[in-house]
Amino acid sequence: MNDVLNTWSRCKLRSLLCVLHLVLCSHIGSYQAPQAFGQPPIEYRLTDVQGQSWNAEFVSLDASTLTTRKQNSESQKSAEEILSIERATKSSRSPESTDTTPRGMQIGLVDGSLLVIQSIQGKEKRWDVQLDESVTWKDFGGEISYLRTRSLDSKGEESWKSLLADNRNADALIVIRPGGALDRVDGIVKEIQAGKVKFDVDGQIVDASMEKLAGVVWYRKGTQIPKSPFRVKLTNGSVLLADALKNTSPNGLSIEGAWGTQSVVPQDWLDAIDCGAGKLAWVSSSETLDANAKPRTRFGELDAAISQISRPRWLSNPSGGEDLLFPNPGEFVFRAPEGMSKLLARIERTNESDLQSPIKLEIWVDDRIAFQKELSSQEATAEVEAPISAGKKTRIVLSSKGALQIGTRAVLRQPRLTK
């Protein structure tokens, strides 16, 4: 009898140990799920103001520092140097860039952020916002400019934009009339609960069903919101103007902005971050003052036609921005926008012939030379960095001393202006 009890006790102990082992293993497995199931970390394509790009995992970003990870080693760069961060492999959740149709309800914030949501309830600066079945922001403090409840046809879109642009001195319900026309009812939004807007119209409280509304618009008087440096695009279509972002273990992305609280979404919702506000401007988008060719050889009646096809012109660059092509020696003149102090680019020959004349690139700011570089007949490329002055006339001049000007065709890669 004792032997039977001992055997039963040993079996029970082994069973308990097995259960405990399974519990521990399942706990560890859930915590390390990405590694355990072979899911690689999400890589992002980072681009700096110099035009250099590289891939890495995103860790965090604030006004001063970008932190990334590569092969379990973290590194940091100044946030001022970063232009953009884009998902290297697009998520299946990401909306197509050409798709402008709202996926759900939309909240437009005073700071310019746009949230795509499934539901909202609460009142001024204390909102419960549901982004999807698994993500709800409690007590969200964003100052809402408008709530859009549905998509509209082209006529409705025009009417919606017009109503948003109208001057107003009260909150408003945007009502859908029979036939689809939109109309505005002024009053005061008290709160939103259970799909209804509690609305004060001249002292009378009504509960307006959101099923009958195109949206809600709030009156904001002289609201001044500091501009956040980062434009964050999420895979659900939301776009947030943020001050800081940080991956939080094991799978959350914390986002801080003008709404005053840290809002968390899954890490794989991060689609892209535009960090370039005020940091960079393409020369191609600046005010062009002149573009002309300066060939040495004259052909009489053909000079005008040759000059037309030989003057500098813009070519699209697959990596971003545009390249400035000089088919022959010539000059491109533009005016630098405010806030910019430096011109960056790379000069490259485009000829592969054995005979090449020396070429010289000069950058002039008004009547002062800011940069010059000569490429010998054996040199093919050089980096360009020139100080400029905002508002001043800037001249990019390509010339050659060669009598025949053979092999002088060159391109200025991605000429851009930085702070």
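Residues numbered from 1 in each chain as written. Predicted model: local features only at pLDDT ≥ 70, side-chain atom pairs only at ≥ 80, totals over all residues. Heavy atoms only, no water.

1. Concerning the packing of aromatic side chains
Cut-off, in case you're wondering: In this scheme Phe, Tyr and Trp rings, the latter by its six-membered ring, pair at centre separations within 6.5 Å, and the angle between planes marks the pair as stacked below 30 degrees, edge-to-face above 60, and tilted otherwise. When a residue's accessible area, from a 1.4 Å probe over protein chains only, is under 20% of the maximum for its type it is buried; when over 50% it is exposed; and in between it is partly exposed.
Under the counting rule described, the total for this entry stands at six aromatic pairs. Summarising the aromatic geometry, the rings of W137 and F140 are spaced 5.4 Å apart at their centres and angled 35° between planes, so their arrangement reads as tilted. Residue W137 is classed as buried on the basis of its relative accessible area, which comes to 5%. Summarising the aromatic geometry, the rings of Y146 and W160 are spaced 5.9 Å apart at their centres and angled 80° between planes, so their arrangement reads as edge-to-face.

2. Digging into the nonpolar core
Cut-off, in case you're wondering: What makes a nonpolar core is a set of buried Ala, Val, Leu, Ile, Met, Phe, Trp, Tyr and Cys residues whose side-chain atoms join them at distances within 4.5 Å. Here, residues are in contact when the closest pair of their heavy atoms is within 4.5 Å.
Counting 48 residues, the largest nonpolar core has F58, L61, I85, L147, L245 and I273 as its most contacted members. With sequence-adjacent residues up to four places away left out, L245 is seen in contact with F58, S60, L61, V232, L253, S254, I255, L270 and I273. L324, F371, V384 and L412 belong to the second-largest nonpolar core, a separate cluster that totals 28 residues.

3. With respect to the pairing of strand β2 (residues 53-61)
Note on strand geometry: in a regular strand, side chains alternate between the two faces of the sheet. The following threshold applies: Paired strands are those between which DSSP finds at least two bridges. By definition, any uninterrupted DSSP run of H or I lasting at least four residues is a helix, any uninterrupted run of E lasting at least two residues is a strand, and each is numbered from the N terminus.
Across five bridges, strand β1 (residues 43-48) lies against β2 in antiparallel orientation. Bridging across to β2, T47 finds its partner in S53. Counting the residues that bridge the hairpin from β1 to β2 gives four residues, and of these G51 lies at a positive phi of roughly 90°. Judged from the four bridges that link them, β2 and strand β3 (residues 65-70) form a sheet pairing that is antiparallel. In the sheet register, F58 faces β3, and the bridge partner there is T68. Linking β2 back to β3 in an antiparallel pair, the connection comprises three residues.

4. Observations regarding helix α3 (residues 154-165)
What counts, and what does not: What a helix should span is 1.5 Å times the count of its residues minus one. In this context, the arc is that of the directions from the helix axis out to the C-beta atoms.
Over its 12 residues, α3 runs 17 Å from end to end, which matches the ideal 16 Å to within 8%, given 1.5 Å per residue. Residues of α3 that are buried include every one of G156, W160 and L163, and no others. Down the axis, α3 shows its buried residues gathered within 65° of arc, on one side only. Relative to its buried face, α3 has exposed residues pointing more than 90 degrees away, namely S154, K155, E158, K161 and A165. Summarising the contacts, the buried residues of α3 are in contact with β11 (144-148), β12 (171-176), β13 (182-193) and β16 (213-217).

5. Remarks on the pattern of salt bridges
The line we're drawing: Salt-bridge detection follows one rule: a side-chain nitrogen of Lys or Arg within 4 Å of a carboxyl oxygen of Asp or Glu.
Applying the stated criterion to the full structure yields 21 salt bridges. With a closest N to O distance of 3.0 Å, R413 and E348 form a salt bridge. Of this pair, R413 sits in strand β32 (residues 410-418) while E348 sits in strand β27 (residues 342-349); the two residues are 65 residues apart in sequence, bridging distant segments of the chain. Looking at R413, the relative accessible area reads 26%, which means it is partly exposed. Residue E362 pairs with K360 through a salt bridge whose shortest N-O separation is 3.3 Å. On the basis of relative accessible area, K360 is assigned to the partly exposed category, the value being 24%.

6. Focus on the environment of G252
As for its position among the elements, G252 is in strand β19 (residues 252-257). Not counting chain neighbours up to four residues away, the residues in contact with G252 comprise K246, N247, V264, V265 and Q267.

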